[in-house]
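So you can see what is in the structure, the chains are spelled out below.
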Amino acid sequence: VINEDSKIKLNNNFRYIIYVGELALYAGIEFMLDAFTRFYLNYDIGKQTKLFIIGDGQLSDKVFKRIPSPVKNNIVPIIGDMPKKQLLKYIISSEIGIYTPSSVSYGIDGQRGGSPLKLVDYLSLGKPIIVPQSEYYTYVKNNKIGMLYEPENEDSFCNLLNELLENLAFVLKLIFLM
(Lines give C-alpha, C1' and ligand atoms only; values in the text may rest on other atoms or scores of the structure.)
Protein backbone atom coordinates (compact mmCIF):
# COMPACT_ATOMS: atom_id res chain seq x y z
CA VAL A 1 0.00 0.00 0.00
CA ILE A 2 1.41 3.36 -1.05
CA ASN A 3 0.65 6.18 1.36
CA GLU A 4 2.32 9.40 2.49
CA ASP A 5 4.71 7.43 4.72
CA SER A 6 5.92 5.66 1.57
CA LYS A 7 7.16 8.91 0.05
CA ILE A 8 9.99 11.32 0.77
CA LYS A 9 9.18 14.96 1.48
CA LEU A 10 9.58 16.99 -1.71
CA ASN A 11 8.93 20.53 -2.87
CA ASN A 12 5.50 20.43 -4.54
CA ASN A 13 6.57 23.20 -6.94
CA PHE A 14 8.66 20.65 -8.86
CA ARG A 15 8.07 17.52 -10.91
CA TYR A 16 10.43 14.59 -10.25
CA ILE A 17 11.89 11.93 -12.51
CA ILE A 18 14.36 9.24 -11.52
CA TYR A 19 17.28 7.15 -12.73
CA VAL A 20 18.49 4.33 -10.50
CA GLY A 21 21.52 2.23 -11.32
CA GLU A 22 25.12 1.96 -12.29
CA LEU A 23 26.94 5.22 -12.96
CA ALA A 24 28.95 3.81 -15.85
CA LEU A 25 29.50 4.59 -19.51
CA TYR A 26 27.30 1.72 -20.72
CA ALA A 27 24.42 3.12 -18.64
CA GLY A 28 24.31 6.25 -20.80
CA ILE A 29 24.88 8.67 -17.90
CA GLU A 30 26.51 11.28 -20.14
CA PHE A 31 23.64 11.13 -22.63
CA MET A 32 21.14 11.43 -19.76
CA LEU A 33 22.89 14.52 -18.34
CA ASP A 34 23.13 16.16 -21.76
CA ALA A 35 19.51 15.34 -22.63
CA PHE A 36 18.19 16.56 -19.29
CA THR A 37 20.20 19.79 -19.66
CA ARG A 38 18.62 20.32 -23.10
CA PHE A 39 15.19 19.58 -21.60
CA TYR A 40 15.81 22.09 -18.80
CA LEU A 41 16.96 24.82 -21.19
CA ASN A 42 14.40 24.36 -23.98
CA TYR A 43 11.09 23.28 -22.41
CA ASP A 44 8.92 25.35 -20.09
CA ILE A 45 8.32 22.41 -17.77
CA GLY A 46 12.08 21.69 -17.68
CA LYS A 47 12.78 24.33 -15.07
CA GLN A 48 10.13 22.78 -12.81
CA THR A 49 11.54 19.26 -13.17
CA LYS A 50 14.18 17.64 -10.98
CA LEU A 51 16.13 14.50 -11.85
CA PHE A 52 17.19 12.09 -9.12
CA ILE A 53 20.28 10.09 -10.09
CA ILE A 54 20.76 7.30 -7.56
CA GLY A 55 23.65 4.89 -7.87
CA ASP A 56 27.36 4.31 -7.82
CA GLY A 57 30.06 3.31 -10.27
CA GLN A 58 33.01 4.39 -12.36
CA LEU A 59 31.44 7.80 -13.17
CA SER A 60 30.43 8.66 -9.59
CA ASP A 61 33.07 11.37 -9.18
CA LYS A 62 32.39 12.79 -12.63
CA VAL A 63 28.60 13.10 -12.27
CA PHE A 64 28.78 16.18 -10.03
CA LYS A 65 31.49 17.82 -12.14
CA ARG A 66 29.70 17.20 -15.45
CA ILE A 67 26.43 18.89 -14.51
CA PRO A 68 26.28 22.31 -16.26
CA SER A 69 25.75 25.33 -13.99
CA PRO A 70 22.29 26.37 -15.18
CA VAL A 71 20.82 22.96 -14.38
CA LYS A 72 22.84 22.12 -11.22
CA ASN A 73 19.94 22.78 -8.86
CA ASN A 74 17.63 20.50 -10.83
CA ILE A 75 19.84 17.41 -10.85
CA VAL A 76 20.08 15.62 -7.53
CA PRO A 77 22.85 13.00 -7.57
CA ILE A 78 22.76 10.58 -4.66
CA ILE A 79 25.98 8.59 -4.80
CA GLY A 80 26.46 5.30 -3.00
CA ASP A 81 24.37 2.41 -1.78
CA MET A 82 20.88 3.08 -0.51
CA PRO A 83 18.72 0.64 1.45
CA LYS A 84 15.96 -0.80 -0.77
CA LYS A 85 13.19 0.63 1.43
CA GLN A 86 14.61 4.16 1.09
CA LEU A 87 15.20 3.69 -2.65
CA LEU A 88 11.57 2.67 -3.15
CA LYS A 89 10.48 5.91 -1.43
CA TYR A 90 12.39 7.90 -4.06
CA ILE A 91 10.79 5.90 -6.88
CA ILE A 92 7.31 6.25 -5.35
CA SER A 93 7.87 10.01 -5.02
CA SER A 94 8.95 10.36 -8.66
CA GLU A 95 6.59 10.54 -11.63
CA ILE A 96 8.67 8.85 -14.34
CA GLY A 97 11.51 6.32 -14.39
CA ILE A 98 14.19 6.69 -17.05
CA TYR A 99 16.81 4.38 -18.48
CA THR A 100 19.22 5.73 -21.10
CA PRO A 101 21.71 2.95 -21.89
CA SER A 102 24.39 3.55 -24.47
CA SER A 103 23.98 1.70 -27.76
CA VAL A 104 26.34 -1.09 -26.70
CA SER A 105 24.22 -2.01 -23.73
CA TYR A 106 20.93 -2.37 -25.52
CA GLY A 107 22.16 -4.73 -28.14
CA ILE A 108 22.70 -2.86 -31.42
CA ASP A 109 26.05 -4.62 -31.71
CA GLY A 110 24.88 -7.83 -30.05
CA GLN A 111 26.41 -7.16 -26.65
CA ARG A 112 24.54 -6.95 -23.36
CA GLY A 113 20.86 -6.06 -23.48
CA GLY A 114 17.69 -7.03 -21.69
CA SER A 115 15.68 -5.26 -19.03
CA PRO A 116 17.41 -4.25 -15.82
CA LEU A 117 15.70 -4.59 -12.45
CA LYS A 118 15.30 -0.81 -12.20
CA LEU A 119 12.57 -1.07 -14.85
CA VAL A 120 10.77 -3.71 -12.80
CA ASP A 121 10.94 -1.42 -9.75
CA TYR A 122 9.62 1.56 -11.73
CA LEU A 123 6.79 -0.41 -13.29
CA SER A 124 5.82 -2.31 -10.12
CA LEU A 125 5.25 1.07 -8.49
CA GLY A 126 3.11 2.32 -11.38
CA LYS A 127 5.67 4.64 -12.95
CA PRO A 128 5.74 5.07 -16.72
CA ILE A 129 9.21 4.63 -18.20
CA ILE A 130 11.25 6.18 -20.98
CA VAL A 131 13.71 3.80 -22.67
CA PRO A 132 15.45 3.68 -26.07
CA GLN A 133 13.84 2.05 -29.09
CA SER A 134 15.25 -1.46 -29.22
CA GLU A 135 14.16 -5.04 -29.68
CA TYR A 136 14.63 -5.39 -25.91
CA TYR A 137 11.97 -2.81 -25.08
CA THR A 138 9.15 -3.51 -27.55
CA TYR A 139 7.02 -4.59 -24.56
CA VAL A 140 7.05 -0.97 -23.37
CA LYS A 141 5.18 0.21 -26.46
CA ASN A 142 3.09 -2.96 -26.84
CA ASN A 143 1.84 -2.75 -23.25
CA LYS A 144 1.56 1.07 -23.18
CA ILE A 145 3.72 1.35 -20.05
CA GLY A 146 6.00 4.11 -21.25
CA MET A 147 7.62 5.64 -24.29
CA LEU A 148 10.51 4.79 -26.57
CA TYR A 149 12.94 7.48 -27.66
CA GLU A 150 15.20 7.32 -30.70
CA PRO A 151 18.58 6.04 -29.40
CA GLU A 152 21.25 8.67 -28.82
CA ASN A 153 18.79 11.41 -29.86
CA GLU A 154 18.42 14.11 -27.20
CA ASP A 155 15.53 15.82 -29.00
CA SER A 156 13.57 12.57 -29.13
CA PHE A 157 14.19 11.95 -25.42
CA CYS A 158 13.23 15.54 -24.49
CA ASN A 159 10.06 15.53 -26.59
CA LEU A 160 8.87 12.30 -24.96
CA LEU A 161 9.75 13.47 -21.46
CA ASN A 162 7.83 16.69 -22.10
CA GLU A 163 4.86 14.76 -23.50
CA LEU A 164 4.78 12.43 -20.50
CA LEU A 165 5.03 15.22 -17.94
CA GLU A 166 2.43 17.35 -19.71
CA ASN A 167 -0.01 14.44 -20.02
CA LEU A 168 0.87 12.29 -17.02
CA ALA A 169 -2.70 11.88 -15.76
CA PHE A 170 -3.77 10.57 -19.18
CA VAL A 171 -0.74 8.28 -19.44
CA LEU A 172 -1.33 6.81 -15.97
CA LYS A 173 -4.97 6.18 -16.88
CA LEU A 174 -3.80 4.23 -19.96
CA ILE A 175 -1.38 2.17 -17.87
CA PHE A 176 -3.94 1.21 -15.27
CA LEU A 177 -6.74 0.48 -17.79
CA MET A 178 -4.71 -2.19 -19.59
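Residues numbered from 1 in each chain as written. Predicted model: local features only at pLDDT ≥ 70, side-chain atom pairs only at ≥ 80, totals over all residues. Heavy atoms only, no water.

Notes on the sheet that holds strand 5 (residues 129-132)
Then step 1. Across the sheet, six strands lie side by side as 3-2-1-4-5-6; this open sheet has parallel pairing. The open sheet has two edge strands with one neighbour each: strand 3 (75-79) and strand 6 (146-149). Each strand of the sheet is rotated relative to its neighbour by a mean of 25°, with strand direction disregarded.
Then step 2. Bridge count between strand 5 and strand 6: four bridges; the pairing is parallel. Following the sheet pairing, I130 is matched in strand 6 by M147.
Then step 3. Running at roughly 170° to strand 2 (residues 49-55), helix 1 (residues 29-42) makes contact with strand 1 (15-20), strand 2, strand 3, strand 4 (96-98) and strand 6 of the sheet.
Then step 4. Contacting strand 1, strand 2 and strand 3, helix 3 (residues 84-93) crosses the sheet at an angle of about 135° to strand 1. (Pairing = 2+ DSSP bridges. Helix = DSSP H or I, 4+ residues; strand = E, 2+ residues; numbered from the N terminus. Axes fitted to C-alpha atoms, helices over the stretch in contact; angles between N-to-C directions. Contact = heavy atoms within 4.5 Å.)

So, the nonpolar core
Then step 1. In this structure, Y19, I29, I53, I96 and I98 are the most contacted members of the largest nonpolar core, which totals 54 residues.
Then step 2. Element by element, the count of residues in this core is highest for helix 1, at eight residues.
Then step 3. Not counting the four nearest positions on each side in its chain, I98 is found in contact with I17, I18, Y19, M32, L51, K118, Y122, I130 and F157. (Core = buried A, V, L, I, M, F, W, Y, C linked by side-chain atoms within 4.5 Å. Buried < 20%, exposed > 50% of the residue type's maximum accessible area, 1.4 Å probe, protein only.)

Re the packing of aromatic side chains
Then step 1. Applying the stated criterion across every chain yields a total of nine aromatic pairs.
Then step 2. Against the face of Y40 rests K47, its NZ or CZ located 4.8 Å from the ring centre.
Then step 3. Here the guanidinium or amino end of K50 rests over the ring plane of F14, the centre of that ring lying 4.5 Å away. (Phe/Tyr/Trp six-rings, centres within 6.5 Å; stacked < 30°, edge-to-face > 60°. Lys NZ or Arg CZ within 6 Å of the ring centre and 35° of its normal.)

Quick notes on the pattern of salt bridges
Think of it this way: side chains of opposite charge can pair up when their charged atoms draw near.
Then step 1. Summed over the entire model, instances satisfying the criterion amount to four salt bridges.
Then step 2. Linking R38 and E154 is a salt bridge whose minimum nitrogen-to-oxygen distance equals 2.9 Å. One end of the pair, R38, is in helix 1; the other, E154, is in helix 6 (residues 154-166), and 116 residues separate them in sequence.
Then step 3. The exposure class assigned to R38 is partly exposed, which follows from its relative accessible area of 31%.
Then step 4. K84 serves as the salt-bridge partner of D121, at 2.7 Å between the closest nitrogen and oxygen. With D121 in helix 4 (residues 117-124) and K84 in helix 3, the pair connects residues that are 37 residues apart, well separated along the chain.
Then step 5. Judged by relative accessible area, which is 15%, D121 ranks as buried.
Then step 6. For K84, a relative accessible area of 45% gives the class partly exposed.
Then step 7. Because the salt bridges share partners, they merge into one network encompassing R38, E154 and D155. (Salt bridge = Lys/Arg side-chain N within 4 Å of Asp/Glu carboxyl O.)

Shape descriptors only; they carry no functional weight alone.
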